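Letter by letter, the chains look like this.
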Amino acid sequence: MKFTVDKHERYVVIEPLTDFLNGEAAANLKGEFMLRNTGGQRNIVLNLCHVQDADEDGIRMGLLARRLCKASGGLFILTGLNKRLTDLLKITNLEGYFKTASSVAKAEDMIFGNEIRLDLRGE
């Protein structure tokens, strides 16, 4: 599976270039999440604008990314969700677990707000 990585100073945007997010694609993304997180990125945006559907493994791969980001004080944000993916999050009871944004720009605002909060707290 192919995906793009758009690295910024305080976050990285990963965009899978597939219409179906399955276990194989999830395994590739998990490796990328771990690589980016160990490389110092604590904020990850997963832009699912090309993804039309996913299986359970595809949805669950975000759990690792969320855990990695949270452990380092960062955020894991899903963006580009269509109705099918939003419904899948509801069905799997994960809708409240993941942070979502309507666009990458909104996700960026969430990240910068979190970074300011961390800076003010001295973390």
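Above this text you will find the structure in question.
Since we're looking at a predicted model, the values are computed, not measured. Sequence order as written defines residue numbering, which begins from 1 separately in each chain. Two thresholds apply to this predicted model, a pLDDT of at least 70 for residue-level local features and 80 or more for giving and counting side-chain atom pairs, whereas whole-chain, interface and lining totals are computed over all residues. The side-chain quantities take in all heavy atoms of the structure and omit both hydrogens and water.

Here we take up the overall build of the protein. Comment: elements are numbered from the N terminus, with helices defined as DSSP H or I runs of at least four residues and strands as E runs of at least two. Helices and strands together make up the secondary structure of the protein, namely four helices and seven strands. For 123 residues, the compact-globule formula gives about 14 Å, and the C-alpha radius of gyration of the protein, at 14 Å, lands near that figure. Residue burial is assigned from relative accessible area. The probe radius is 1.4 Å, only protein chains are included, and a residue is buried under 20% of its type maximum, exposed over 50%, and partly exposed in between. Taking all 123 residues of the protein together, the buried fraction comes to 40%. The contact rule is simple, with two residues in contact once any of their heavy atoms fall within 4.5 Å. Restricting the contact set of the protein to residue pairs at least 6 apart, pairs at least 24 apart contribute 74%. Using the Shrake-Rupley algorithm and a 1.4 Å probe, accessible areas are obtained, with residue cover drawn only from the displayed protein chains. Summed over all atoms, the accessible surface of the protein reaches about 6,600 Å², with 50% contributed by carbon and sulfur. Computed over 17 positive and 17 negative side-chain charges, the separation of the two mean positions in the protein equals 5 Å. Here the globule rule is a power law, 2.2 Å times the number of residues to the power 0.38, and the radius of gyration is based on C-alpha atoms. Within this scheme the basic residues Lys and Arg register as positive and the acidic residues Asp and Glu register as negative, but His and the chain ends are omitted. Here the site of a charge means atom NZ of a Lys, CZ of an Arg, CG of an Asp or CD of a Glu.

With that out of the way, let us pick up the sheet that holds strand E4 (residues 44-47). We treat two strands as partners when DSSP finds at least two bridges between them. Strand order across the open sheet formed by five strands is E1-E2-E4-E6-E7, with mixed pairing between neighbours. In this open sheet, the two edge strands, each paired with only one partner strand, are strand E1 (3-7) and strand E7 (99-101). The average undirected angle you get between the axes of adjacent strands in this sheet is 25 degrees. With three bridges joining them, strand E6 (residues 76-79) and E7 adopt parallel strand pairing. Looking at E7, one finds that Thr79 is bridged to Ala101. To get an axis, fit a line to the C-alpha atoms, keeping to the stretch in contact for a helix; angles then go from 0 to 180 degrees between the N-to-C directions. Of the strands in this sheet, strand E2 (12-16), E4, E6 and E7 are in contact with helix H4 (residues 104-121), which crosses E7 at around 135 degrees.

With that out of the way, let us pick up the side chain of Asn47. Residue position: Asn47 is located in strand E4. Taking relative accessible area as the criterion, Asn47 reaches 9% and is therefore assigned buried. Counting of polar contacts relies on pairs of N or O atoms within 3.5 Å, with two restrictions inside protein: one atom must be capable of donating a hydrogen and the other of accepting it, and residues adjacent in sequence are counted only when both atoms are side-chain atoms. Separated by 3.2 Å, the side chain of Asn47 and the backbone nitrogen of Cys49 make a polar contact. Setting aside residues no more than four positions away along its own chain, Asn47 makes contact with Val13, Ile14, Glu15, Pro16, Thr79, Gly80 and Val104.

Think of a pair of aromatic rings as described by two things: how far the centres are apart, and how the planes are tilted against each other in angle. In this analysis, rings of Phe, Tyr and Trp, with Trp reduced to its six-membered ring, are considered paired at centre separations within 6.5 Å, and the interplanar angle assigns stacked below 30 degrees, edge-to-face beyond 60, and tilted for intermediate values. Within the structure shown, the criterion is met by four aromatic pairs. Where Phe33 meets Phe76, the ring centres are 5.6 Å apart and the plane angle is 75 degrees; that geometry is what we call edge-to-face. One end of the pair, Phe33, is in helix H1 (residues 23-38); the other, Phe76, is in strand E6, with 43 residues separating them in the sequence. You can call Phe33 buried: its relative accessible area is 0%. Pairwise contacts between aromatic rings join Phe33, Phe76, Tyr97 and Phe98 into one cluster. Geometrically, a charge over a ring is one whose NZ (Lys) or CZ (Arg) sits within 6 Å of the ring centre while staying within 35 degrees of the ring normal. In this structure, Arg66 is placed above the aromatic ring of Tyr97, and the distance from its NZ or CZ to the ring centre is 3.8 Å.

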